[in-house]
Each structure stands twice: as C-alpha cells, then as structure tokens.
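Residue-level structure breakdown
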Amino acid sequence: MPEGDSLHRAARRLQVLVGQRITAESPHPRAQAEGVAEQIDGRMLESVHAHGKNLVFRFEGGVSVRSHLRMTGRWSVRPRGESRGGRPWLVLRGDRAEGVLWNGPVLELHTRALARLGPDILADPPRLDVVLERMQAADGGRWFGETLLDQSIVAGIGNMWLAEALWDAEVSPWARLRDVRADARLRSLEAAAALMRESVDTGRSRGHRVYRRAGRPCSRCGTPIAAWGQGDANRMTYWCPGCQAGVDPRRS
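What counts as what
Residues numbered from 1 in each chain as written. Predicted model: local features only at pLDDT ≥ 70, side-chain atom pairs only at ≥ 80, totals over all residues. Heavy atoms only, no water. Helix = DSSP H or I, 4+ residues; strand = E, 2+ residues; numbered from the N terminus. Buried < 20%, exposed > 50% of the residue type's maximum accessible area, 1.4 Å probe, protein only. Contact = heavy atoms within 4.5 Å. Lys, Arg positive; Asp, Glu negative; His and termini not counted. Charge placed at Lys NZ, Arg CZ, Asp CG, Glu CD. Salt bridge = Lys/Arg side-chain N within 4 Å of Asp/Glu carboxyl O. Phe/Tyr/Trp six-rings, centres within 6.5 Å; stacked < 30°, edge-to-face > 60°. Lys NZ or Arg CZ within 6 Å of the ring centre and 35° of its normal. Pairing = 2+ DSSP bridges. Polar contact = N/O pair within 3.5 Å; in protein donor to acceptor, adjacent residues only side chain to side chain. Axes fitted to C-alpha atoms, helices over the stretch in contact; angles between N-to-C directions. Parallel < 35°, antiparallel > 145°, perpendicular 65-115°, else oblique. Left-handed = near helix turned anticlockwise from the far one by under 90°. Nonpolar A, V, L, I, M, F, W, Y, C, P; charged D, E, K, R; others polar.

Scanning the chain from terminus to terminus reveals seven helices and ten strands. When the backbone C-alpha atoms are referred to their principal axes, the chain occupies close to 55 × 35 × 30 Å. The buried share of the chain, taken over its 252 residues, is 50%. Partitioning the contacts of the chain with sequence separation of at least 6, the portion at a separation of at least 24 is 61%. The chain carries 38 positive and 29 negative side-chain charges, and their two centres are separated by 4 Å.

Put into structure tokens, the structure is as follows:
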C-alpha cells in the first residue's frame, strides 16, 4: 500500500493544476458510477494536499474530493493530451498538464473520513505531542508496531516505514505499548517523520535496513533479520531481534 510519503510526493506533482479550470472525466466504468467527474468538471482547482494516505482536492464552490489509493492506486502527471492506454479512474486536465488516477478504488465527494484520522506524520511540523496523547489513551496491551499503523493515532505510516523507523530508534515492534517508555515512543515517531520527510524532499529513500531483509544480517549488530505477521491483518513485520529487544513471537 502506498504510504504517506508517496501521497505527499503526488500532491507536489499535482500542484501544477492548482488555480486552473479543470476538465474532468472518468473513463473507468466503476469510477463513472461515483459521479465525481461530473461534479468537478469545469470547476477551478483551489488546492491539493495529502493527509496520511489520502489526497484531498478542493474545488471552487466548496466541492471536495478524497482519493485513497489502497493497495494498487497511483497518480501520475503528464502533458495534456499525451496518448495513453487503458481506462484510468479519473483524469484532471489543466491548461498544459493532466493528473491521471489509475486503479484508485476510493473516490469520494466528501472528506468525512479525515475526521477519524490522527495527525499526519508529515505535517510541518508534525504534531507529535497530539500523537503521544492519543497513544496514552490507546489500549496498552497492543503491540507497539500495531499502534504505529493505527491511522486514528498517527496518519501516514505503513509497513515499510514502520520497520525502518523502529530499527533506527532501536525499539521492538513486539513490545506492548504500555511497556514502551515515553522517550522511546517519541524517538520512534521522530525517526518515522525524518525518514519519510527525506523521501518526500529527495524523491528517494535510503536502502532498507530491515524491510524485506528477513534472514540477512543486521547492519548494526549482525543478528539475522526476522519477519512475522502482526495484528488482525497479519501484516508482515520486520525487525532485528538483537538490537530491537522485545518479545519474540516466533517462540511464544
């Protein structure tokens, strides 16, 4: 699933359309059923911004569109009228460029879902004090890794940045939230914010330290990287059992 940094990079690319009157169409039949293109066609695009894993488009007349990419969606920006194959979900045409949404299963003419989200980890600056307050009120028996993936607590972190940030902070995803000290919680959030901000600002990310490196030696301590499914969704979690001490679920 695209994580928050991917959405923020997409929002930056789409700024080329802001301030322009948009011609909109939905070639994909499933997208046509939502009626989004008809509601925004001919309106001026006033802003585009990301919040967590969501893109929000605001048009004149108070019309808003929320886009969530789920597992396979992506936004691209290309010269207007450039030939393409396939049937995108939504095309937003400006004067010289167009934004194209491919495989984007969530398109809504409202932003009610945003009210359920926690602060964006990529806000400038990120409201980590609010995130820590939400953690304090959360179920202390949850794994710390699960907590960081809970979009109602902090928005934007996914599996990859969870793994990389906790490795940087030397905190285990398999510690119970109640057992993670306040300084370790903050250190983990700061690591996620820094890594993801670098990805947004540079358009690239460093080489993975633990993500999808199961069985390879940790670059810090040499212990083989471990991987195990976590939470109700059984999302694969990567960590170093040597320098991220905590419960080992493979032995429990």
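There's more to say after this.
This paragraph deals with the side chain of histidine 8. Examined against the element boundaries, histidine 8 turns out to sit in helix α1 (residues 4-14). Judged by its relative accessible area of 14%, histidine 8 is buried. Ignoring any residue separated from it by four or fewer positions in sequence, one finds histidine 8 in contact with Ala50, Asp120, Leu122 and Val200.

Counted according to the given criterion, the structure contains 16 salt bridges. Taking the shortest distance from any N to any O, the salt bridge between glutamate 82 and arginine 78 comes out at 4.0 Å. We classify arginine 78 as buried; its relative accessible area is 11%. Of the charged contacts in the structure, one is a salt bridge between aspartate 168 and arginine 206, with a shortest N-O distance of 2.8 Å. Residue aspartate 168 is located in helix α6 (residues 159-169), and its partner arginine 206 is located in the loop between α7 (182-202) and β9 (226-230); the two are separated by 38 residues in the primary sequence. The partly exposed category is assigned to aspartate 168, whose relative accessible area is 29%.

The next point concerns the packing of aromatic side chains. Using the criterion set out here, one finds four aromatic pairs in the structure. Between phenylalanine 57 and tryptophan 75 the ring centres are 5.1 Å apart and the planes differ by 45°, which places this aromatic pair in the tilted class. Here phenylalanine 57, found in strand β3 (residues 54-59), pairs with tryptophan 75, found in strand β5 (residues 74-79); they are 18 residues apart in sequence, far enough to count as distant. Relative to tyrosine 238, the ring of tyrosine 211 lies with its centre 5.3 Å away and its plane at 70°, an arrangement referred to as edge-to-face. Separated by 27 residues along the polypeptide, tyrosine 211 in the loop between α7 and β9 and tyrosine 238 in strand β10 (residues 235-239) bring together distant segments of the chain. In this structure, arginine 176 packs its charged tip against the face of tryptophan 143, placed 3.5 Å from the ring centre. The ring of tryptophan 167 has arginine 220 lying over it, and the distance from NZ or CZ to the ring centre is 3.8 Å.

Looking now at the pairing of strand β4 (residues 63-68). Taking burial as the measure, the six residues of β4 include six buried ones, the bulk of the element. Neither face of β4 is exposed, since Val63, Val65 and Ser67 on one face and Ser64, Arg66 and His68 on the opposite face are all buried. Pairing analysis gives six bridges linking β3 to β4, with the strands arranged antiparallel. Within the sheet, the bridge partner assigned to arginine 58 lies in β4 and is serine 64. Where β4 and strand β8 (residues 106-108) come together, three bridges link them in antiparallel fashion. Looking at the pairing, arginine 66 lines up with glutamate 108 of β8.

You can see arginine 78 is positioned in strand β5. Within the structure, the side chain of arginine 78 is placed 2.2 Å from the backbone oxygen of glutamate 82, a separation counted as a polar contact. Within the structure, the side chain of arginine 78 is placed 3.0 Å from the backbone oxygen of serine 83, a separation counted as a polar contact. Aside from chain neighbours lying at most four places away, what touches arginine 78 is Ser83, Arg84, Arg96, Ala97, Glu98 and Val100.

A few words now on the packing of α1 against α7. Two elements in contact, α1 and α7, have axes separated by 9 Å at closest approach and are oriented at 30°. In terms of axis orientation, α1 runs roughly parallel to α7. In this structure, α1 crosses over α7, and the sense of that crossing is right-handed. Two secondary-structure elements touch here, α1 through Gly4, Asp5, His8, Arg9 and Arg12 and α7 through Met196, Arg197, Ser199, Val200 and Asp201. Across the contact of α1 with α7, the residue classes break down as two nonpolar, three polar and five charged.

Such coordinate-based values are descriptive only and should not be taken to indicate function.
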